Amino acid sequence: FQLHHTILRSYFKQKDLLTNPSFIALRKRFQSYCERKEYSRPTTYDYVRRAARFMHYLTSQNVIDCKEISLPIIHGYIKTLAGSGYVYETIASDIHSIRAFLRFLFETGEVQTDFFSKIPRIQIRKQNHIPSVWTKDELQKMIAAIDRGSPKGKRDYAIILLACCLGMRVSDIKNLKKEDFHWEEKKLIFIQSKTKAPLSLPLTPEVGWAVINYLKYGRPKIESPYLFVTHIAPFGPFSRGCNLYDLIKTYMRLAHLPPLKKKRGMHSLRHTMASMLLEKNTSLATISNLLGHIDTNSTAVYLKVGMQKLKECA
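Every residue gets a number counted from 1 within its own chain, in the order that chain's sequence is written. With pLDDT at 70 or above as the cut-off, local features in this predicted model cover only qualifying residues; side-chain atom pairs require 80 or more to be listed or tallied, and sums for whole chains, interfaces and linings still use all residues. Excluding hydrogens and water, the side-chain figures rest on all heavy atoms present in the structure.

## Quick look at the overall build of the chain
Secondary structure follows DSSP: runs of H or I at least 4 residues long count as helices, runs of E at least 2 residues long count as strands, and numbering of each begins at the N terminus. Across its full length, the chain carries 13 helices and 3 strands. For the chain, the C-alpha atoms occupy an extent of roughly 60 × 55 × 35 Å along the three principal directions. Whether a residue is buried, partly exposed or exposed follows from its accessible area with a 1.4 Å probe, protein chains only, as a fraction of its type maximum: under 20%, in between, or over 50%, in that order. For the chain, the proportion of its 314 residues judged to be buried stands at 43%. Once local pairs closer than 6 in sequence are excluded, the contacts in the chain between residues at least 24 apart make up 61%. Accessibility throughout is a Shrake-Rupley quantity obtained with a 1.4 Å probe, and a residue counts as covered only by protein chains that appear here. Of the roughly 17700 Å² of accessible surface on the chain, 56% is carried by carbon and sulfur atoms. For the chain, the separation between the mean place of its 49 positive charges and that of its 26 negative charges on side chains is 3 Å. We call two residues in contact when some of their heavy atoms are within 4.5 Å. Positive charges come from Lys and Arg alone, negative charges from Asp and Glu alone, with His and the N- and C-terminal ends not counted. The atoms used to mark charge sites are NZ of Lys, CZ of Arg, CG of Asp and CD of Glu.

## Brief notes about the packing of aromatic side chains
In summary, the pairing rule links any two rings of Phe, Tyr or Trp, Trp by its six-membered ring, whose centres are within 6.5 Å, and it sorts them by plane angle into stacked for under 30 degrees, edge-to-face for over 60 and tilted for everything else. All chains considered together, the criterion is met by 12 aromatic pairs. With 5.2 Å between their ring centres and 70 degrees between their planes, Phe54 and Tyr77 make a pair best called edge-to-face. Linking Phe54 in helix α2 (residues 41-60) with Tyr77 in helix α3 (residues 71-82), this pair joins segments that are 23 residues apart in sequence. Both rings, one in Phe181 and one in Trp183, keep their centres 5.3 Å apart while their planes meet at 15 degrees; by these two values the pair is stacked. Note on Phe181: relative accessible area 6%, which makes it buried.

## Concerning the packing of α2 against helix α4 (residues 88-107)
Helix-helix packing is described using two parameters, namely the angle between the two axes and the distance between the axes. At their nearest, the axes of α2 and α4 sit 9 Å apart, and the two run at 85 degrees to each other. As summarised for this structure, α2 and α4 are arranged roughly perpendicular, according to the angle between their axes. For the pair α2 and α4, the contacting residues are Asp46, Tyr47, Arg50, Ala51, Arg53, Phe54 and Met55 in the first and Thr90, Ser93, Asp94, His96, Ser97, Ile98, Ala100, Phe101 and Leu102 in the second. Of the residues contributing to the contact of α2 with α4, the split by class is 8 nonpolar, 4 polar and 4 charged. Between N-to-C directions, angles span 0 to 180 degrees; the directions come from axes that are lines fitted to C-alpha atoms, helices contributing only their stretch in contact. Roughly parallel covers angles under 35 degrees, roughly antiparallel covers those over 145, roughly perpendicular covers 65 to 115, and oblique covers all other angles. Only Asp, Glu, Lys and Arg are considered charged, only Ala, Val, Leu, Ile, Met, Phe, Trp, Tyr, Cys and Pro nonpolar, and every remaining residue, Gly among them, polar.

## Some remarks on the pairing of strand β3 (residues 198-202)
In β3, alternate side chains face the same way, and those of Leu199 and Leu201 are buried while those of Pro198, Ser200 and Pro202 on the opposite face are not. A pair of strands counts as paired when DSSP detects no fewer than two bridges linking them. Two strands pair when backbone bridges link them, and strand β2 (residues 187-191) and β3 are joined in this way by 5 bridges, in the antiparallel orientation. Paired with Phe190 across the strands is Leu199, a residue of β3. Here β2 folds back onto β3 in antiparallel fashion, the turn holding 6 residues, of which Lys196 has a positive phi close to 65 degrees.

## Thoughts on the nonpolar core
Taken as a class, soluble globular proteins show a tendency for nonpolar side chains to be buried jointly. Residues enter a nonpolar core if they are buried and are Ala, Val, Leu, Ile, Met, Phe, Trp, Tyr or Cys, with the set joined through side-chain atoms within 4.5 Å. Counting residues in hydrophobic clusters, the biggest one holds 42 residues, and the most contacted among them are Ile160, Phe228, Met266 and Leu269. Here this core gets 9 residues from one element, more than from any other, and that element is helix α6 (residues 151-166). Listed in part, the 33 residues of the second largest apolar core include Leu26, Tyr57, Leu81 and Ile119.

## Some thoughts on the pattern of salt bridges
Pairing between side chains becomes possible if they bear opposite charge and their charged atoms approach one another. Here, a salt bridge means any Lys or Arg side-chain nitrogen found within 4 Å of an Asp or Glu carboxyl oxygen. With the rule as written, the count across this model stands at 8 salt bridges. Of the charged contacts, one joins Arg169 and Asp172 as a salt bridge, the two residues approaching to 3.8 Å between their closest N and O atoms. Pair check on accessibility: Arg169 and Asp172 agree, each one buried. Because the salt bridges share partners, they merge into one network encompassing Asp46, Arg49, Arg50 and Asp94.

## Structural notes on the confidence of the model for the chain
The predicted model of the chain has a mean per-residue pLDDT of 86, with 93% of residues at 70 or higher. On a scale of 0 to 100, pLDDT captures the predictor's confidence in every residue. The lowest-confidence element of the chain is helix α12 (residues 296-299), averaging 70 in pLDDT; the highest-confidence one is helix α8 (residues 205-217), averaging 95.

## Digging into the side chain of Arg270
Secondary-structure assignment places Arg270 in helix α10 (residues 266-279). Buried and unpaired, Arg270 has no salt bridge, with Asp172 as the nearest side chain of opposite charge at 6.1 Å. Those residues in contact with Arg270 that sit more than four places away from it in its chain are Ala163, Gly167, Met168, Arg169, Leu291 and His293.

## As for the side chain of Asp156
Along the chain, Asp156 turns up in helix α6. Residue classification places Asp156 among the buried residues on the basis of a relative accessible area of 0%. Among the polar contacts listed, one links the side chain of Asp156 to the side chain of Tyr251, at a separation of 2.6 Å. The contacts of Asp156, once residues within four sequence positions are left out, are Leu247 and Tyr251. Polar contacts, as counted here, are pairs of nitrogen or oxygen atoms within 3.5 Å of one another; within protein the pair requires one atom able to donate a hydrogen and one able to accept it, and residues that are adjacent in sequence qualify only if both atoms are side-chain atoms.

This is how it looks when you write it as structure tokens:
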């Protein structure tokens, strides 16, 4: 408050941060701009969401016209990030998004100064953290806690198997359609939402039967192109911002698994599959192909959780 003379609201899932009509319209134009640039859906969503937080800060500083934006105001916003306890990657992602937003403002004539070139590009360190992984015992307990007799349980069981057995991203699981399943070939083929590259995965019997069981006996009878839908009325696809974290949290509680300091969401199941393959001496190139990584260096982070190999190094 001493720095910025305002107390910024936190992000509310069901509440829009923006109230200024001009900024709401600007957010919509920025989203169209990102789509024309052919950014992936997750990237576009992230850019627009972070740009809205920046515009919310502008409103708190009584800036209601983009032409009033100045470097001190931009630096003030960055200070709010640095002083809020965010990790390095979050701050770097925010700055990266703001640079994209400022580039949009300059290219569309909203501002006359290319502020984006005056803000340093911050490299996001992909290898500085240790992935959160599950032990085999923890995974079995969590899966055993799922009520596979209920429609929701059938859905959740299939979702969790797709994450921990095939290593799929949450966004790709939510975007799955019936036609992505090639039953005769025993393959799951889809376009990745993050990279827009096609990915073909082997459809294991356990995963395949879980999906079939959900389709026949669990999925609500609604017209939706997406395989997985919500089980609370009004039925429909998961929202774009839903990361299914509550799903994991619920079954951890039912399985009496203690919460850890490291957050365990759906992505941790993807990490777990990669680490288990590594323990079985699977090559990084093969793991990279299964995870849909463009660069093998992205897969190298899992070397940090290969305990047996690390012991051999020691």
